[in-house]
Each structure stands twice: as C-alpha cells, then as structure tokens.
Amino acid sequence: MIKSSIKRVSVAALLTALASGTAFADAKIGAIFDLTGGLNIYGIQQNNALQLAVEEINAKGGVLGKPVEVVTYDAQSELSKYTQYTNTAILRDKIDVLFAGLTSSSREAIRPIVRKAKVPYFYSSLYEGGACDKQTFVTGSSASQQMSKLITWGLKKYGPKIYIMAPDYNFGTISAHWIHEFAKANGGEVVGEDFLALTVTDYAPILQKIQAAKPDFVVALPVGANQTGFLEQFAAAGLKDSIGIVSTNYGSGNQQVVVSPEAGKGIIANQGYFMQVENPENEEFVQKWHAKFGSEVPIVSGAVDVWNAVHLWAIAANKVGSVDNDKVIEGLEKGISFDAPNGKVSIDPKSHHLNQNIYIAEGNTSHGFNIIETYKSVPAVFENETCDLVANPGQAGHYVPGQ
Amino acid sequence: MTFENLYKSFKYSLPLALVVMVIAGHGAMDPYLAYVATSWVIFGLLAMSLDLVWGRGGVLSLGQTAFYGLGGYFGAVVAVNMAPVTGNSLIWLLPAGALFGAIAAALVGYLIFYARTGPLQTTILTYTFTLVLWTLTQSFKLTVGDAVIGGDNGMSNIPGYILGFGEGAESADPNLMFLIVVVISALAYLGVVRFMDGSFGRIIDCIRLDEEKAELLGYDVRKFQLYNFLLAGGVAGLAGGLYAGWANYLNPSIFSVQEALLVPIYVLVGGRGTLSGAFVGALLIGGVSFWLGGGAIGGQTTLILGITLIILVMFLKKGLLGALDDLCQRFLPDYNAAARDMKPVEVDSAVVSKIMLDAEAVAGPAKSLQSRDLLKRFGGVVPVDHVSLSFGPGTPHSLIGPNGAGKSSYLKVCVGLYPQDGGQILLGDQDISSLPMYERVRAGIAVKNQKPQVFPELSVQENLWMAAYSMSREPEKAGEVSSAILHMLGMDKQREVSAAVLSHGQQQWLDIGMVLCLAPRVILFDEPAAGMTNEETRELSKLVRLLSQYVTIIVIEHDMEFVRTLDGAVTVLHQGRLFTQGSIAKLRNDERVLDIYLGRRAHVQNL
Amino acid sequence: MDYLFAVLLSSLSSASILLIATIGLAVVFGLMGVINLAHGEFIMFGAYAALTATQQGVPFILSIPIAVLLTMIFGALVEILIIRRLYGRMFDTMLATWGLSLALYQCAVIIFGTVSPGIGMPQMSIAIGEYSLAVYPLLMIVVAASMLIGVYYLLTKSVYGMKARAAIQVPHMARAIGINSSNTNTLTFAIGCGLAGFAGAVLLPIVPATPSMGFAFVIKSFLIVVVAGPVTLAGSALSAIGMGGGASVISSFMTSVAGDIFFFALTLLLLRFYPLGISSRWRFKL
C-alpha cells in the first residue's frame with residue numbers, strides 16, 4: 001500500500017522536476033526531504049505538498065510572471081545528506097530559496113550553510129521551538145505554541161495532576177519544560193516524569209511508575225513506533241479508563257493508523273493541522289491532494305506546513321518583485337498572511353514564526369480524529385519573546401527555555 | 001632503477017605525486033566537486049585508522065567512528081572558543097581532535113586489551129560503544145564557553161578551515177579546503193606509514209600473525225596493542241576534527257550505524273593492511289556514488305552498501321590494492337626460490353659456542369629453574385599436581401612420561417602460558433610466579449612449543465630479527481645477532497625466503513633459532529625433534545648437548561632414542577606428579593617406569 | 001509492598017522479553033561460534049511474517065509457527081549462501097552479517113514502508129493491590145521459560161543436538177564418525193534464526209513491527225551473549241535476568257536513563273572480571 005504510493009510519488013516528482021526544468025525559469029527552489037528511509041512517512045508528504053504548491057503557483061502565473069523551477073533531493077533520512085545536499089543546492093544548482101528538513105537536527109545542519117550563502121530557508125515541521133535566524137522561517141508550530149493550549153485544556157478536562165513521558169532528546173526535554181511552566185501558571189502539578197532513550201520498547205517500568213504517581217492525565221510524547229507501543233501497553237494494562245492521555249505529536253505522522261482501535265480511542269492530540277479541519281481552503285487542498293496522490297494515507301501537518309511555506313514565499317517574492325535574498329526577507333517581514341488549509345496564518349516579523357490555529361482532537365475508533373476544540377491564531381510566545389530579528393538582524397541561534 | 005626498487009617506493013612516491021598534482025591543480029577544480037571530494041579524503045583518513053587496528057593489528061574495531069565523532073566534537077568545542085581569538089582554526093581543531101580521539105581510544109583499548117577479552121568480544125564491545133554513544137549523545141547537552149552541544153540538535157557554528165591569523169581571517173573556499181585536507185591527510189598517511197615500517201609496525205604485524213608467539217618473544221603484547229589502538233584513535237580523531245570544520249556542524253548521527261558501516265567497506269575495497277587502500281576505497285566509493293548521483297539509486301544507499309559489504313567479504317578478499325599487488329609480484333624476483341636448495345642443518349660447535357658466549361656477555365651466566373609445589377588445575381583434571389623440581393646447567397634435562405603425564409602443561413605453567421593455581425616458580429633467585437609471560441621471557445626463560453611457531457608472512461631473517469630485537473631493542477644489534485644465528489642454521493642464502501614455504505623440519509629449526517636469538521638463560525623445548533629427519537635429529541641432539549654447557553635446558557621428548565643420545569638427567573612425570581628421576585641407565589631397569597608405560601612395554605625396553 | 005511485588009513481576013517480564021529476543025543469538029554463538037549481527041533483523045523478519053499472516057486472516061496464535069518456519073527457511077538459505085563460505089573467518093562472518101542486517105532493514109522499508117498497523121495487545125489485565133498489569137507481557141515469563149527448556153531438551157536429548165554439540169566441540173572427530181557438520185551447522189543456524197523469528201512473532205503485540213525494530217534489541221542482546229560467555233544457554237538466562245531485570249527494577253524506582261546506565265555499567269564491570277564471560281569457568285556445557 002505504502003510502497004506503491006512511494007513509487008507513484010517519486011515518479012511524479014521526477015516528472016515535475018524534469019518538465020519544469022525545461023521551461024525558462026526565473027526562480028529556482030530547492031527541496032530536500034527524506035523521500036526514503038525511516039522518516040519518509042513525513043518526507044514524502046512534505047515533498048508532495050511542495051510539488052502541489054508549486055503546481056498551483058505556476059498555474060496562476062508563477063513568481064514574477066515566470067514558472068518556478070524545483071530541484072528535489074532525497075536526504076534518505078540521513079543527517080549527513082542534509083549538509084551535502086544543501087551545499088549541492090547552493091554551490092551547483094544555485095537555488096534562490098530552500099525548503100527542507102523534518103528533524104530539528106536537519107534544520108540545525110542547514111542553518112549555518114544558508115546563513116553563510118544568504119539563501120532564505122523555510123523549515124516546515126512541528127518542533128520544540130527556539131530557532132532564531134535571519135535566513136530561517138519556521139512554518140510549523142512550536143512546543144510552547146501547542147503546549148500553551150493543550151495543558152490548559154487538559155487541566156480543565158481531567159484534573160490538576162500531570163505525568164510527563166517524553167523521549168530523552170530536545171523535543172522531549174523542552175516540551176517537558178513547557179508542561180512544567182504551563183502547569184504552574186494554571187494551577188496544575190507535575191507528579192512524575194520520565195525520559196526514555198530512543199531504543200526503549202518495554203514500558204512496564206513506566207506503567208508502574210504512572211500508577212504509583214496517580215496522575216489525572218499523561219502527556220505522552222515518544223516518537224513513531226515507540227509511541228504506538230506505549231499506547232498499546234497502556235491500554236492493555238487497563239489504565240485508559242482512569243487516566244487520560246494527551247500528546248502534541250500523536251497524529252503528526254500516522255500513529256492513529258498504526259495503533260489498534262481500542263488503544264487509539266479517546267487519545268487527545270494537539271496539532272496545527274488535522275485533515276478533518278473544516279474550511280473551504282482545506283476542502284480544496286484535500287481534494288487536490290487526493291486527486292494527485294490518492295487518499296490511502298492521511299495528510300500530516302508537516303505537509304500543510306510546507307504548502308504554507310511555499311505560498312508565503314511566493315506571495316512575498318511577488319510583492320517585492322524579486323527573488324533576491326534581502327528583498328524577499330524584507331517582504332516576508334512585512335507580516336504577510338495567507339488563507340491556509342489550517343486557517344489563516346501570518347508571519348511574525350520578529351521571530352519568523354507563524355501565528356496559526358491550534359486544534360485539539362480526539363482519536364476515534366476508525367483510525368481518525370474528531371476535532372473538539374479550535375484556538376484561533378495562536379502566537380509562538382516563547383519565540384516572540386526571545387527572538388527579535390527586526391531589531392537584531394545578526395541574532396542567530398537555537399534558544400532553549402530556562403537557560 | 002629496477003622495478004623492484006620502484007615497487008618498494010610506491011607507497012611513498014605515488015601519494016606524493018598525487019599531492020603535487022592536487023597542489024598544482026586544485027584551483028582549476030569545480031568548487032562543488034572540490035567540496036564533495038574533501039569529504040572523501042576525510043573518510044579515507046578515518047578508514048586508515050581502522051586499517052591500522054584491523055589490517056595491521058588484527059582486531060576488528062567497529063568503534064572508529066566513535067573516536068572520529070568524539071575527536072570532532074572536542075576539536076569543535078576548542079575551535080569554537082579559540083578560533084575567534086587567534087583567527088586560525090586548524091591549530092585548535094586538529095590537535096584537539098586527535099588528542100581526544102587518542103584519549104578515548106586509550107580508555108576503550110585499556111579495557112579491552114588489559115581485560116584480555118577475546119577478539120569477538122572486542123568487536124562487539126567497540127560496536128556497542130558506538131551505539132551507546134549514539135543513544136547517549138541524543139540527550140547530551142553541554143555549554144562550554146561559546147560552544148553549545150545541544151543533544152540531538154547537535155553543535156552548530158563550527159568554524160571552517162581558517163588559515164590566516166588575527167581578526168578578519170576568512171575561512172577557506174572549497175578548493176583551498178580540498179587542498180588543506182589533502183595535504184594534512186598525506187602528512188598523516190606518510191607519518192603513519194613511516195612509523196609502521198619501523199620496529200613498532202613489525203611488532204604489531206607479529207601480534208596479528210601470532211599473538212602468543214609475540215609474547216613468547218618477550219613483547220608486551222597488551223601494551224603494543226593499546227598503543228596501536230591509541231594511534232588509530234588519534235588518526236580517527238584528526239579525521240573527526242577535519243570533518244567538523246568541513247561540515248560546520250556535528251550531530252549524534254556521526255555515531256550512527258550507517259556511518260560506522262562505511263568504514264570497513266572503504267578498507268575492504270582498497271585492500272586490508274595496506275593503509276593507502278583506505279583512501280583508494282573512500283575515493284572510489286565516493287566517486288562512484290557522486291557519479292551515480294542521488295535519485296532512485298541514492299535512495300537505496302543502505303541496501304546497496306549492505307550487499308556490497310557481503311560481496312566484498314566473500315569475493316574480494318584482498319581489495320583493489322591487493323589485486324594490484326599480486327600483479328606486481330609477477331614482475332618481482334621470486335625470493336622463495338632459494339628455499340628449494342636449502343642444505344640440511346649442520347651444527348658447528350665453534351659457531352654455537354661463540355654465539356652462546358656472546359649471549360652470556362649480554363645476559364649473564366646460566367640460571368637455574370625451580371618449581372616448588374607447582375599446581376595447575378583444569379576443572380577436575382590436575383595436569384600439574386604439586387610438582388617440585390629443580391634444573392640447572394651442565395647437562396641436558398629430559399622430561400618424559402606417558403601421554404597425559406602433564407609434561408607440556410608443566411612447561412606451559414613455567415613460562416606463564418597457563419596461569420598456575422599454586423606454588424612457586426623460581427628463575428635463579430628470582431620468584432617469577434606472578435610475572436606475566438613476556439616478563440618471564442625477558443627474565444631469561446624461553447620456550448619452543450610442540451608445533452613450530454614462526455611468523456609465516458615474514459622472511460627467515462625477519463623472524464630471527466624479531467626475536468633478537470625483543471632483547472636488545474637496538475636494530476643494529478638485533479641485525480648482528482640474527483645474522484649470526486642465521487649463519488648457524490646454515491640459512492644465509494634463505495634469508496629472504498618467507499617462513500611459510502619452509503618444510504616442517506625447517507620451521508622447527510627456525511623456531512629453535514628464534515629461541516636462541518632471545519639469549520635465554522633457561523631453554524624449554526617441547527618435542528623439538530618432531531618432523532625432523534634422522535640426520536636432523538642427530539644434529540639437534542648435538543646442539544642440545546652443546547647448549548647445556550652454557551644454559552639450563554629442558555627437553556620434552558617422546559623419541560626415546562633421542563633422549564638416550566642426550567645422555568643427561570631424566571625426569572619422569574606421571575598423572576601430573578613427579579614419578580622418578582635419574583639417569584637413563586638407572587631408569588631402564590626400573591620396573592615401575594616400565595609399568596606406567598603399559599602397552600608400550602616393547603618400546604620402553606629400548607631405554 | 002504491592003508496588004514492590006508489581007515491580008518485581010514486571011521486571012521479570014522485562015527480563016523474559018529480553019531473553020526471548022536473545023536465545024536465538026546465543027544458540028548460534030554457542031554452537032557455531034558465530035555472532036550473527038543480523039539477529040535483530042531476523043526478529044524483524046519474524047514479526048513481519050506474523051503480521052502479514054494475520055493480515056491474511058490467520059489467527060495470531062497460528063501465525064507464530066508460520067513465522068518460525070519462514071524465518072528458519074530464510075536462515076538456512078543465508079547459512080548456505082553466506083555463512084558456510086566464511087566458516088572459520090570470524091571477522092568476515094560478522095561483517096557479512098552486518099551487511100545483511102542493513103540490506104534486510106532497507107528491504108523491509110521498501111516492502112512494508114516504515115509504518116504498518118499493529119495487531120494490538122489482548123485487553124486483559126490483572127490487579128495486584130491497586131496496581132494493574134497487562135497480562136500479555138507477564139505471559140512472556142512463561143514463554144521464555146518454555147523456550148529455555150525446549151532448547152535445552154533439543155540440544156541434549158535429540159540426535160540433532162548431540163551431533164551439533166559434537167560438531168562444535170571436536171569437529172574432526174565428528175566428521176570421522178560420519179556427522180555431516182555442514183548440514184548440522186545449516187540446521188543450527190536455521191534454528192537460531194527460527195528462534196529469532198519466534199521472538200519477533202510472539203513479541204509482536206508488545207513491539208510493533210517496524211524495519212528498525214531489530215535495532216532496539218541488538219545492543220542489549222549482544223551484550224548479554226558476550227557477558228554470558230561459553231555456557232550460552234544458562235549464561236544468557238542468568239545475565240538476562242540479572243542485567244535486564246536489574247535495569248528494569250532500577251527504571252521503576254528511578255528513571256529510565258538510570259536503568260540504562262545500570263545495564264551498561266554492569267556489563268563493563270562483569271567484563272572487567274570475566275573477560276570471556278561469566279560462565280567461562282563453569283563446568284557444565286549448555
């Protein structure tokens with residue numbers, strides 16, 4: 001099922017690239033995503049969204065009146081490939097703008113290279129937050145953006161006691177920081193937390209600790225197969241009736257498809273986008289997507305983040321009448337907005353992050369979600385506080401809260 | 001210049017020629033190609049560190065990327081803080097990287113070699129070390145001055161290669177980066193090759209070929225293995241420092257399995273044990289994948305590499321350089337031809353006496369060997385059961401007894417091949433019971449085991465030199481001693497012959513020669529006459545009797561005729577215990593001795 | 001008190017899961033002297049075989065023997081095509097199986113993609129005081145024990161087992177009395193792989209099938225076999241319970257990271273004192 005869609009997608013991508021390459025393109029964009037390897041459930045969709053967005057932009061007259069050309073690279077879920085292909089894109093293919101990356105490490109690998117080469121760069125994935133760089137624009141939601149809503153919601157729904165279970169790397173530890181912050185601010189209490197190495201598959205010790213701590217709800221943030229494994233074991237131990245589970249990354253890939261209906265039902269997910277969002281833009285987007293890529297796999301939030309990024313860049317370039325680095329960034333920093341599938345999004349000029357809607361959804365028994373709450377135009381609070389690229393254009397770094 | 005000389009100079013001349021070409025032509029390269037090719041050279045350097053450990057040292061380490069990554073991280077931390085002060089980044093990046101790589105390797109190596117883990121365990125432990133680092137660094141966060149190690153987000157803003165000093169020094173462009181990496185790698189390569197051509201490299205080769213024999217020659221095997229591992233760790237760390245400056249970014253994925261997988265592939269493609277093969281492999285694989293490009297094939301890199309590794313291991317054992325070397329060998333003179341017209345050994349008393357007097361001048365007078373209540377157990381079997389014996393010079397000692405009497409075990413416990421479970425061993429007045437084997441050898445005890453132990457890939461002369469060098473640690477002196485023994489063995493014309501092509505009997509003589517090169521004060525021979533012709537056995541008997549005038553010599557022998565010709569003191573062991581002692585004549589009439597040789601009565605009657 | 005009991009029980013189940021994943025590796029290492037670096041991928045092979053079978057409508061319990069059989073056949077092929085040709089070349093065998101492990105991983109990505117639906121765990125739990133434990137992981141204690149007993153009987157009481165042990169202990173003698181050691185080795189390797197396949201299948205409800213799932217087991221499995229030493233079966237059982245169970249207990253009272261640190265620190269300590277494994281001085285042989 002997934003195999004055939006890969007084949008179709010990569011052939012389509014190749015054809016698009018070839019076809020657009022023959023035209024007299026003015027603007028050239030580079031796309032580096034994980035089309036193969038362990039992260040390709042995200043990478044393929046990100047790349048699809050980029051192709052779809054470019055197609056639409058070109059159909060409407062392109063950028064500066066000419067079609068946009070795309071150069072695609074496959075990072076193979078290997079970090080070193082990001083370094084290599086970013087340099088390839090800049091040194092050999094001389095791109096004007098780069099859309100790339102899923103993991104935070106891929107962004108951090110790319111950031112210094114585009115900074116030196118002065119190429120605008122869009123990072124489109126939910127992440128732990130804190131990236132700040134004149135060249136870099138983030139269209140995914142940050143941990144503080146998501147957590148600010150999820151924790152208040154959870155405290156109200158379940159009660160004040162929280163248990164944190166997170167992977168032992170930046171996404172997990174920084175998310176945990178925000179859970180503490182928001183719990184404190186809203187009268188909640190973290191009664192226990194545990195950080196897991198990437199290779200943990202046996203959750204028995206954690207289930208014991210959760211039961212001993214007696215939380216009202218668990219914030220579960222492991223990634224990929226680890227998450228579904230945990231949810232299965234949690235459900236099998238019969239804990240779901242008494243303890244709620246919320247997550248900012250459940251449903252960001254296709255965990256809801258992998259998990260068994262018994263384990264998936266009632267899990268609270270919180271994202272910047274769900275396929276079930278109801279608005280005209282999303283309806284059109286989903287329709288186009290299904291027509292081109294089929295409807296077997298749910299669309300992930302990272303795909304919409306890429307779609308938004310490409311459109312925002314095109315809007316800015318058309319507005320300033322140039323794809324030149326400085327001018328495009330100037331254009332983007334004018335605070336442009338766009339009616340996206342996940343609702344209206346607008347760029348914060350200071351932090352280069354998006355103000356966007358945050359949705360809370362509940363897992364149902366048919367491997368899908370029901371949206372139960374929508375928060376409109378939520379700002380990236382932490383990033384807006386720490387990062388002011390208008391006042392300090394030289395500011396560059398990756399900020400970690402509490403340091 | 002003959003082809004022979006040319007061939008020998010290849011490992012220096014060809015890399016130098018390449019470096020000259022790069023110096024001349026780097027400016028004209030496509031910057032993108034220069035940028036990518038830089039990484040291939042760095043991988044070559046990394047692969048060379050594995051070849052040091054594996055190709056030369058014989059230990060497969062899957063942890064070279066760990067030292068590479070650690071060197072990279074540490075070099076980067078130092079460079080991030082210091083480069084803004086000095087301008088130049090290389091003076092921080094590279095030494096710090098190499099140093100940290102070496103320190104990490106020393107710690108891991110100490111654990112592995114001094115705990116005496118087996119080769120298999122060593123590979124698994126190095127692999128695990130890499131994987132554990134990969135897991136732990138995901139969450140490892142540390143801020144040192146301006147350097148921020150951010151867990152899985154890695155470490156950003158690492159300065160590139162800055163050559164100039166002072167403020168405003170710019171980092172090098174891709175073409176200059178390529179040149180810098182080529183020059184540094186060439187220097188590292190030439191340095192390592194030169195070092196490994198010396199005595200250290202030869203000792204490492206011997207350890208790879210026969211670890212036990214290397215220690216029986218008195219080399220502290222653990223120490224040399226550790227130093228070699230440390231050197232390789234330093235080279236890997238240097239490569240890591242170069243990589244950090246090239247990528248400007250480091251992340252835990254440097255410790256990933258995919259990264260580690262490439263290193264043995266480079267070595268196998270180029271040719272194991274050649275050192276230069278590592279670079280050939282890295283350039284070739286890098287070049288081919290560059291030429292193939294990304295796309296459909298690029299996406300299946302892991303699959304292709306995995307299958308490549310299997311095929312390489314199964315079919316291309318010697319790698320590209322190995323195959324080329326085989327081709328060159330055809331045009332070189334055949335050193336082994338001389339093995340065919342080897343004359344039987346004739347022991348010349350005058351020559352032997354001269355050698356033994358020279359040895360005495362260096363090593364002092366003969367020493368006695370005593371065991372007091374010596375005990376060795378293997379589970380329920382007790383091959384050495386509270387044996388107290390004393391041996392001295394003047395007459396040869398024979399150790400006899402039926403199969404399983406514990407003769408060989410006794411010898412092995414004395415030299416330290418088996419650790420004893422009780423009792424004492426005295427060499428002269430010195431208690432050597434707790435000394436490791438190599439120190440016992442250096443104290444003057446030398447053993448020749450039942451099977452001849454020679455280093456097959458080394459020439460006859462080199463075999464002897466290795467033994468002589470162990471004692472003197474001076475190349476010239478080792479040359480003199482080994483030439484004298486070579487002459488004594490009548491193998492002057494066979495000095496260049498590789499030990500592997502010698503017959504069994506000839507290998508026995510070579511092994512005996514190696515023992516004599518050690519200038520031992522106590523000699524233990526375990527069935528030295530096995531595989532020898534009657535004439536050779538006669539000469540051996542003469543040699544043993546001669547030697548006994550200068551040193552203590554103990555011979556285990558089954559050949560009773562040989563024992564008779566030795567005409568010395570005989571000790572009979574039975575079931576791990578001392579049975580009786582005396583002259584051949586006395587034992588011949590001892591009914592009890594005949595009894596323990598039950599079933600071999602007829603043979604024993606010849607005593 | 002309830003907590004302590006619940007922790008001990010679940011730690012025993014953690015150790016059992018580890019042991020189930022390790023036995024195949026231990027058998028191959030013990031009887032052939034080969035470390036199969038693709039062991040984790042054989043576990044994955046078994047998991048996907050069982051998963052595919054259940055997707056075709058086969059009940060889970062029946063999918064397990066199917067998975068074992070398929071993995072055994074595949075293991076036999078690997079032995080005949082690769083391992084046999086490298087016999088006696090220890091490092092080369094390791095490198096070849098390492099290459100195999102990556103090739104298999106990538107094949108799984110190509111064939112199954114990186115995510116497949118899980119099969120879910122039986123929704124059964126038992127209560128110990130106020131603590132509730134899922135039944136299926138606890139069942140693994142019984143599974144691990146039966147595996148140990150089964151393998152022990154296979155190796156000591158069956159004709160194959162005697163041949164296999166003879167072939168490894170005195171190869172030339174075994175050949176002389178007519179034991180075809182290469183056939184025996186093929187069978188041994190296939191059995192080792194079959195045990196890995198069994199592990200993948202039986203653990204499927206706990207560990208969902210992913211191409212990289214083998215990776216989650218290998219580090220600890222390798223270390224357990226290395227620490228176990230020459231008496232592989234009993235040694236592995238002891239080290240799995242000591243190291244795996246210990247780590248799980250530490251995880252329950254402290255943090256998961258502390259549990260991992262305990263595991264690795266204990267490994268280093270044990271190898272410092274028993275470089276050839278804890279069983280290197282034991283008398284009996286399995």
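As the structure is a prediction and not an experimental result, all values here were calculated from the model.

Peer 1: Lay out empty space enclosed by the protein in plain terms, naming residues and giving numbers.
Peer 2: All chains considered together, the criterion is met by 12 cavities of 30 Å³ or more. If you add up the space inside the second largest cavity, you get close to 530 Å³. Taken together, 31 residues make up the lining of the second largest cavity; nearest its centre are T199, V200 and T201 of chain A together with K220 and D260 of chain C. For the lining of the second largest cavity, the elements supplying multiple residues, two or more each, are α7 (204-213) of chain A, α5 (119-137) of chain B together with α1 (2-32), α9 (213-228), α10 (232-253) and α11 (256-273) of chain C. Across the lining of the second largest cavity, the residue classes tally to 16 nonpolar, 11 polar and 4 charged.

Peer 1: Quick rundown of the packing of aromatic side chains? Include the residues and the values.
Peer 2: Residue and element names in this part refer to chain C. Applying the stated rule across the entire model yields 46 aromatic pairs over all chains. Here Y3 and F253 contribute two aromatic rings whose centre-to-centre distance is 5.5 Å and whose plane-to-plane angle is 90°, an arrangement assigned as edge-to-face. On the criterion of sequence distance, the pair formed by Y3 in helix α1 and F253 in helix α10 is long-range, its members being 250 residues apart. Measuring from centroid to centroid gives 5.9 Å for Y152 and Y153, while their planes differ by 85°, and the two rings are edge-to-face. Owing to a relative accessible area of 39%, Y152 belongs among the partly exposed residues under this scheme. A relative accessible area of 46% means that Y153 is categorised as partly exposed.

Peer 1: Go over the packing of helix α6 (residues 174-197) of chain B against helix α7 (residues 199-209) of chain B with me, naming the residues and quoting the values.
Peer 2: Residues and elements named next belong to chain B. Following both chains from N to C, one finds α6 and α7 inclined at 70°, their axes separated by 4 Å at the closest point. The angle between α6 and α7 places the two elements in the roughly perpendicular class. Residue-level inspection shows F195, M196 and D197 of α6 in contact with α7, the latter providing S199, F200, G201, R202 and I204. Residues of the contact of α6 with α7, tallied by class, amount to 4 nonpolar, 2 polar and 2 charged.

Peer 1: Tell me what's going on with the interface of chain B and chain C, and back it up with residues and numbers.
Peer 2: Accessible area lost upon the coming together of the parts serves often as the stated size of an interface. Counting residues at the interface gives 44 residues for chain B and 36 residues for chain C. Between chain B and chain C, a total of about 3,500 Å² is buried, with carbon and sulfur atoms accounting for 81% of that surface. On inspection of chain B and its partner chain C, the count reaches 1 salt bridge. The salt bridge partner of R272 of chain B is D92 of chain C, with a shortest N-O separation of 3.5 Å. Our enumeration of links across chain B and chain C arrives at 3 residue pairs in polar contact (both at pLDDT 80 or more).

Peer 1: Any chance you could break down the interface of chain A and chain C for me, citing the residues and the numbers?
Peer 2: Contacts between the two partners involve 37 residues from chain A and, on the opposite side, 44 residues from chain C. Summing both sides of the interface, chain A and chain C together bury roughly 3,000 Å²; the carbon and sulfur share of this comes to 57%. Considering only the side of chain A, the residues that lose the most area to chain C are Q208, A236 and V258 of chain A, jointly responsible for 19% of the buried surface there. Put simply, K214 of chain A and E130 of chain C hold a salt bridge, and the shortest N to O gap is 3.1 Å. Our count for the chain A to chain C interface comes out at 7 residue pairs in polar contact (both at pLDDT 80 or more). Looking at the side of chain A that touches chain C, the elements that each hand over two or more residues are α1 (2-22), α2 (40-59), β8 (189-196), α7, α8 (224-236) and α9 (255-258) of chain A. Class assignment for the residues of the side of chain A that touches chain C results in 16 nonpolar, 13 polar and 8 charged.

Peer 1: So what's going on with the sheet that holds strand β6 (residues 136-138) of chain A? Which residues, and what values?
Peer 2: Residue and element names in this part refer to chain A. Reading across from one edge, β2-β1-β3-β4-β6 is the order of the 5 strands in this open sheet, with parallel pairing throughout. Both edges of this open sheet fall to β2 (69-74) and β6, since each of them pairs with a single strand only. Recorded for the sheet is a direction-independent mean angle of 20° between the axes of neighbouring strands. Where strand β3 (residues 97-100) lies against strand β4 (residues 121-123), 2 bridges are found, and the strand directions are parallel.

Peer 1: An account of the sheet that holds strand β8 (residues 445-448) of chain B is needed here, citing residue identities and associated values.
Peer 2: All names here are of chain B. Pairing is mixed in the open sheet, where 6 strands are placed in the order β8-β9-β10-β5-β11-β12. Sheet topology places β8 and β12 (577-583) at the edges, where each strand pairs with a single neighbour. Averaged over all pairs of adjacent strands, the angle between strand axes in this sheet comes to 20°, irrespective of strand direction. Summarising the sheet, strand β11 (residues 569-574) and β12 pair through 6 bridges and their orientation is antiparallel.

Peer 1: Now, about the domain arrangement of chain A: what can you tell me, with residues and values included?
Peer 2: Residues and elements named next belong to chain A. Each assigned domain of chain A is listed here: domain 1 (2-141 + 277-352 + 387-398) and domain 2 (144-271). Relative to domain 2, the C-alpha centre of domain 1 lies at a distance of 30 Å. Counting from both sides, the interface comprises 11 residues of domain 1 and, opposite them, 14 residues of domain 2. With both chains or domains summed, domain 1 and domain 2 bury close to 1,000 Å², and 60% of this area falls on carbon and sulfur atoms.

What counts, and at which threshold
All residue numbers here refer to positions counted from 1 along the written sequence of the relevant chain. Chains carry letters and ligands carry numbers; both start at the beginning, A for chains and 1 for ligands, and go up in the order they are written. Only residues with pLDDT of at least 70 are given local features in this predicted model, and only at 80 or more are side-chain atom pairs given and counted; all residues enter the totals for whole chains, interfaces and linings. Here the side-chain values reflect all heavy atoms present in the structure, with hydrogen atoms and water set aside. In this analysis a 1.4 Å probe is tested at points of a 1 Å grid over the protein atoms alone, and where it fits but cannot get out there is a cavity; an open set with protein on both sides within 12 Å along at least five of seven lines is a pocket; lining residues have an atom within 4 Å of a point. Grid points are joined across faces, edges and corners, and a volume is the space filled by probe spheres set on the points. In this description a helix means any DSSP run of H or I spanning at least four residues, a strand means any run of E spanning at least two, and both kinds are numbered starting from the N terminus. Three classes are used: nonpolar for Ala, Val, Leu, Ile, Met, Phe, Trp, Tyr, Cys and Pro, charged for Asp, Glu, Lys and Arg, and polar for all others, with Gly counted as polar. A pair of Phe, Tyr and Trp rings is counted when the ring centres sit within 6.5 Å of each other, with Trp represented by its six-membered ring. The angle between the planes then sorts it: under 30 degrees is stacked, over 60 is edge-to-face, the rest tilted. Residue exposure (1.4 Å probe, protein chains only): buried if accessible area is under 20% of the type maximum, exposed if over 50%, otherwise partly exposed. Axis lines are fitted to C-alpha atoms, over the contacting stretch for helices. Their N-to-C directions set the angle, which ranges from 0 to 180 degrees. Working definition: roughly parallel below 35 degrees, roughly antiparallel above 145 degrees, roughly perpendicular at 65 to 115 degrees, and oblique for all remaining angles. We call two residues in contact whenever any of their non-hydrogen atoms come within 4.5 Å of each other. Here's the idea: put two parts together, see how much 1.4 Å probe accessible area each one loses, and the total over both is what we call buried area. For this analysis, a salt bridge means a side-chain nitrogen from Lys or Arg found within 4 Å of a carboxyl oxygen belonging to Asp or Glu. Polar contacts, as used here, are pairs of N or O atoms within 3.5 Å; protein pairs need one atom able to donate a hydrogen and one able to accept it. Residues neighboring in sequence count only if both atoms are side-chain atoms. What makes two strands pair is DSSP finding at least two bridges between them. The start and end points of each domain follow an automatic or database-based domain assignment.

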